[in-house]
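# An overview of the molecular structure
Now for the letters of each chain:
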Amino acid sequence: MAEGAGTLLDPWGTSHVKDYDELMRQFGIEPLTNELAERLPRQHRLVRRGVIFGHRDLQRIIEAIERGEEYAVITGIKPSGEYHLGAKLTAEEFIYFQSLSPKAFAFFAIADLEAYADNRLPLEESYRIAISNLMDLLAMGLDPRRVYVYRQSVELPVLRLAFIFSRAVTYNTMEAIYGPRPFGLYFSALVQAGDILNPQLPHHGGPKPTIVPVGADQDPHIRLARDLASKFREEFGFVPPSATYHRLLRDLTAQEKMSKRNPMGILHLSEPLESARLKVMNAFTGGRATAEEQKRLGGEPEKCVVFVELLTAHFLEDDKLLKEWYWECKTGRILCGECKARAWEIIGRWLRDHQERRAKMRDLAERLLEEKTLSQK
Ligand code: SF4
């Protein structure tokens, strides 16, 4: 857990953010203003709808795009299971930043060491899950020609960086950022800092602007990496990594975070359609106690997982339609049963198309990972 008496951020567990303004003040995250967002060549729906609410040094990436200069986008996944909606947000942002410029190069780190430190997951099992995660990324539009995929456990330059970084941190520093933790997690945090700065090593073209799209709960990793970038600037010339932050979304039952502990709350991208449909039809809503009350008072879309998480954040691209949907709910012109059935048509179509594309990506995913693995031998 992060320092301070305010919001607790736990990158390995469940964080609850009540007040994003307070979070930004506490940790020095900048709000993503309209002025800055308008300089992006194309605004992703997560930007337009405020799901991405803050940033650190995003202007550095925008300037690189404007000048046609190189930059890197990096993300990692702890391969603890199949991709679900929580991971989809970061994946979309990762692909978005890769797509904004032909000079953007993507780095995808498979955090198998972290999965071992946090979940005791054997490295071979991580490999199998990583292939599946990579299939999802490719199906969502990741450009395979401009991505470098690697596993932490065999990426020697990253491990070397983590070791070098360990010179500059004490137990107290790590405890202040993450709270008391087993040393394996502290070490995996240093490896993540290595991942974040890996694109700036000489064999990847040297120092360059680098963006890391994350959920708000991952900010401790960003602060550590930025601190290390400045401590090792003289030695490596690092440019402090930039970051964008998205809100932490609830699961389908309105619990704080999607987790395997609550199977009805989690929606996997490779989920069989019938089970996905059942989960959507049982999702938490902002509906009233009776149909009569809902017609009279209207629903509460702001509280509704179907509206906020499924339609606004994930599945409904059309802003005009989203606005109409909001008012239909708010004025009681639609009831939850019909609304969820309508939402399922959109979600089910997305899942079916995604799963069809995904099924064709196994060879490519294996090749991307194998090439890297073979080059390590
Ligand atoms: S009508 Fe739809 S948007 Fe409104 S509360 Fe019900 S499920 Fe949510």
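Residues numbered from 1 in each chain as written. Predicted model: local features only at pLDDT ≥ 70, side-chain atom pairs only at ≥ 80, totals over all residues.

It is worth spelling out the domain arrangement of the protein chain at this point. Each assigned domain of the protein chain is listed with its residue range as follows: domain 1 (20-248) and domain 2 (263-358). Distance from the C-alpha centre of domain 1 to the C-alpha centre of domain 2: 30 Å. Domain 1 puts 13 residues into the contact, and the matching count from domain 2 is 13 residues. Those elements that place two or more of their residues in the side of domain 1 that touches domain 2 are helix 3 (45-48), helix 5 (85-99) and helix 7 (123-139). Of the residues in the side of domain 1 that touches domain 2, the class split is six nonpolar, one polar and six charged. (Domains from an automatic or database assignment. Contact = placed C-beta atoms within 7 Å. Helix = DSSP H or I, 4+ residues; strand = E, 2+ residues; numbered from the N terminus. Nonpolar A, V, L, I, M, F, W, Y, C, P; charged D, E, K, R; others polar.)

What follows concerns the environment of Ile 334. Within the secondary structure layout, Ile 334 lies in the loop between helix 16 (319-330) and helix 17 (336-359). The sequence separation of Ile 334 and Asp 195 amounts to 139 residues, and the corresponding C-alpha distance is 48 Å.

Let's shift gears to the site of the ligand. Taken together, 14 residues are adjacent to the ligand, and Gly 299, Cys 304, Cys 329, Cys 336 and Cys 339 come closest. Of all the secondary structure elements, the ones that give two or more residues to the shell around the ligand are helix 15 (305-315) and helix 17. Taken together, the residues of the shell around the ligand sort by class into eight nonpolar, four polar and two charged. (Near = placed C-beta within 6 Å.)

Among the nonpolar cores identified, the biggest contains 104 residues, and Ala 193, Val 306 and Leu 310 are the most heavily contacted of them. Built from parts of two domains, this core gets at least three residues from each of domain 1 (20-248) and domain 2 (263-358). Contact partners of Val 306, with chain neighbours within four places excluded, come to Ala 283, Thr 285, Leu 311, Cys 339, Lys 340 and Ala 343. (Core = buried A, V, L, I, M, F, W, Y, C linked by C-beta atoms within 7 Å. Buried ≥ 20, exposed ≤ 12 C-beta atoms within 10 Å, placed from the backbone.)

Attention shifts here to the pairing of strand 2 (residues 52-56). Of all five residues making up strand 2, five are buried, and the element is well covered by its neighbours. As paired elements, strand 2 and strand 7 (residues 242-246) share four bridges and run antiparallel to each other. If you follow Gly 54 over to strand 7, its bridge partner there is Tyr 245. (Pairing = 2+ DSSP bridges.)

Counting through the fold element by element, Ser 126 comes out in helix 7. Note: C-alpha distance between Ser 126 and Gln 218 (92 residues apart in sequence) is 21 Å. For Ser 126, the residues in contact, after removing those within four places along its chain, are Pro 79, Ile 110, Asp 112, Ala 115 and Leu 121.

Let us look at the sheet that holds strand 7. Either a parallel or an antiparallel arrangement is found when strands of a sheet pair, and the pairing is made through backbone hydrogen bonds. Spatially, 1-2-7-6-3-4-5 is the arrangement adopted by the seven strands of the open sheet, whose pairing is mixed. Only two strands of the sheet have a single neighbouring strand rather than two, namely strand 1 (30-31) and strand 5 (147-151).

A few words now on the pairing of strand 3 (residues 71-77). Extensive coverage of strand 3 is indicated by the burial of seven of its seven residues. Across the two faces of strand 3 the burial is the same, with Tyr 71, Val 73, Thr 75 and Ile 77 and Ala 72, Ile 74 and Gly 76 all buried. As for the winding sense of the linkage, the β-α-β connection from strand 3 through helix 5 to strand 4 (residues 104-110) is right-handed. Bridge count for strand 3 against strand 6 (residues 210-215) is two bridges, and the pairing is parallel. Following the sheet pairing, Ala 72 is matched in strand 6 by Thr 210. (Right-handed = clockwise from strand over helix to strand, strands pointing away.)

So, on to the packing of helix 15 against helix 17. At their nearest, the axes of helix 15 and helix 17 sit 11 Å apart, and the two run at 30° to each other. Taken together, the axes of helix 15 and helix 17 lie roughly parallel to each other. Of the two elements, helix 15 crosses helix 17, and the hand of that crossing is left-handed. In contact with Val 306, Leu 310, Leu 311 and Phe 315 of helix 15, helix 17 contributes Cys 339, Lys 340, Ala 343, Ile 346, Ile 347 and Trp 350. Considered class by class, the residues forming the contact of helix 15 with helix 17 number nine nonpolar, no polar and one charged. (Axes fitted to C-alpha atoms, helices over the stretch in contact; angles between N-to-C directions. Parallel < 35°, antiparallel > 145°, perpendicular 65-115°, else oblique. Left-handed = near helix turned anticlockwise from the far one by under 90°.)

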